[in-house]
Amino acid sequence: MGRLTKLLKEKKYIKVPLVLTATNHFELIVKINGITGRFILDTGASNTCIGFDKIEYFNLNSKASKIKAAGAGATGMETLISTHNKLEIGTWQKDKVKIVLFDLKHVNEALITHKAMPVEGIIGADILKKAKAIIDYNQKQLFLKLKE
């Protein structure tokens, strides 16, 4: 066990493996409302997002939103908002999570074009901040702080 891993374990962090994709993104497995999906880890995304096409899959309740999404070459995209969701990454979990819903088609088309698998969503800075996340890029690991 490396020094960083040992230190963070002592401080009540869990370790989650990351997969580096062909597009040089990190992917991880996440559960939303008990349903497993593949997500991109995006420190530049302010909010955690899921595609419109996965609303039923993750049992999301949604309502209108004034937020306009932007990213990956697209701007001004319409969104919905879903609140009171349970999100799990490894053994780390958070209830009452807000998720932004928008059309991820352009993201998945770009991934597929570069021989990567499509994703159900994006884990953004909102969750990374709540979890006091630490990313070990070299070892392809995400550390999340458990509640004390």
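Thresholds, definitions, all that
- Residues numbered from 1 in each chain as written.
- Predicted model: local features only at pLDDT ≥ 70, side-chain atom pairs only at ≥ 80, totals over all residues.
- Heavy atoms only, no water.
- Salt bridge = Lys/Arg side-chain N within 4 Å of Asp/Glu carboxyl O.
- Helix = DSSP H or I, 4+ residues; strand = E, 2+ residues; numbered from the N terminus.
- Buried < 20%, exposed > 50% of the residue type's maximum accessible area, 1.4 Å probe, protein only.
- Arc of directions from axis to C-beta.
- Contact = heavy atoms within 4.5 Å.
- Polar contact = N/O pair within 3.5 Å; in protein donor to acceptor, adjacent residues only side chain to side chain.
- Pairing = 2+ DSSP bridges.
- Axes fitted to C-alpha atoms, helices over the stretch in contact; angles between N-to-C directions.
- Core = buried A, V, L, I, M, F, W, Y, C linked by side-chain atoms within 4.5 Å.

Colleague: Explanation requested: the pattern of salt bridges in the structure shown.
Modeller: Side chains bearing opposite charge may pair, as long as their charged atoms lie close to each other. Scanning all chains against the criterion turns up one salt bridge. Close ionic contact of Glu27 with Arg38 constitutes a salt bridge, the shortest N to O distance being 3.3 Å. One end of the pair, Glu27, is in strand β3 (residues 26-32); the other, Arg38, is in strand β4 (residues 35-41), with eleven residues separating them in the sequence.

Colleague: Sorry, what's going on with unusual backbone geometry here?
Modeller: For residues that are not glycine, phi is negative in most cases, and the peptide bond is trans in most cases. In this structure, Lys12 is a non-glycine residue whose phi angle is positive, near 70°. By the secondary structure assignment, Lys12 is in the loop between α1 (3-10) and β1 (13-17). The backbone of Asn24 sits at a positive phi, close to 70°, despite the residue not being glycine. Along the polypeptide, Asn24 turns up in the loop between β2 (19-20) and β3.

Colleague: What is the right way to read helix α2 (residues 105-113) from this model?
Modeller: Spacing of three or four residues puts side chains on the same side of an α-helix, whose turn is 3.6 residues. Within α2, burial applies to Val107, Asn108 and Leu111. Summarising the axial view, the buried residues of α2 lie within an arc of 90°, below the 170-degree limit, and thus occupy one face. Turned more than 90 degrees away from the buried face of α2 sit Lys105 and Thr113, all of them exposed. On its buried side, α2 packs onto β4. Backbone geometry just after α2 places Lys115 at a positive phi near 65°.

Colleague: What should I look at first to understand the side chain of Ser82 in this one?
Modeller: As for its placement among the helices and strands, Ser82 is situated in strand β9 (residues 80-89). Owing to a relative accessible area of 0%, Ser82 belongs among the buried residues under this scheme. At a separation of 3.0 Å, a polar atom in the side chain of Ser82 contacts the side chain of Asn85.

Colleague: Any chance you could explain the sheet that holds β1 here in plain terms?
Modeller: Whenever strands of a sheet pair, they do so through backbone hydrogen bonds, lying parallel or antiparallel. The antiparallel open sheet is built from three strands, whose spatial order is β1-β13-β12. Each edge of the sheet is formed by a strand with only one pairing partner; in this case those strands are β1 and β12 (134-136). Across the sheet, the mean angle from the axis of one strand to that of its neighbour is 25°, orientation sign disregarded. Both β1 and strand β13 (residues 141-145) contribute to a ladder of five bridges, which runs antiparallel. Paired with Tyr13 across the bridge in β13 is Lys145. Where α1 meets the sheet, its contacts fall on β1, β12 and β13, and the angle it forms with β13 comes to roughly 20°.

Colleague: Would you mind showing me how to read the nonpolar core here?
Modeller: Across soluble globular proteins, nonpolar side chains show a tendency to be buried alongside one another. Core analysis: the largest hydrophobic core is formed by 25 residues, its most contacted members being Ile32, Leu87 and Ile123. Listing elements by their share of this core, those giving two or more residues are β1, β3, β4, β9, β10 (92-102), α3 (125-130) and β13. Those residues in contact with Leu87 that sit more than four places away from it in its chain are Val30, Lys31, Ile32, Thr48, Trp92, Gln93, Lys94, Val97, Ile123 and Ile127. Formed by twelve residues, the second largest nonpolar core is a distinct cluster that contains Ile40, Val100, Leu104 and Leu111.

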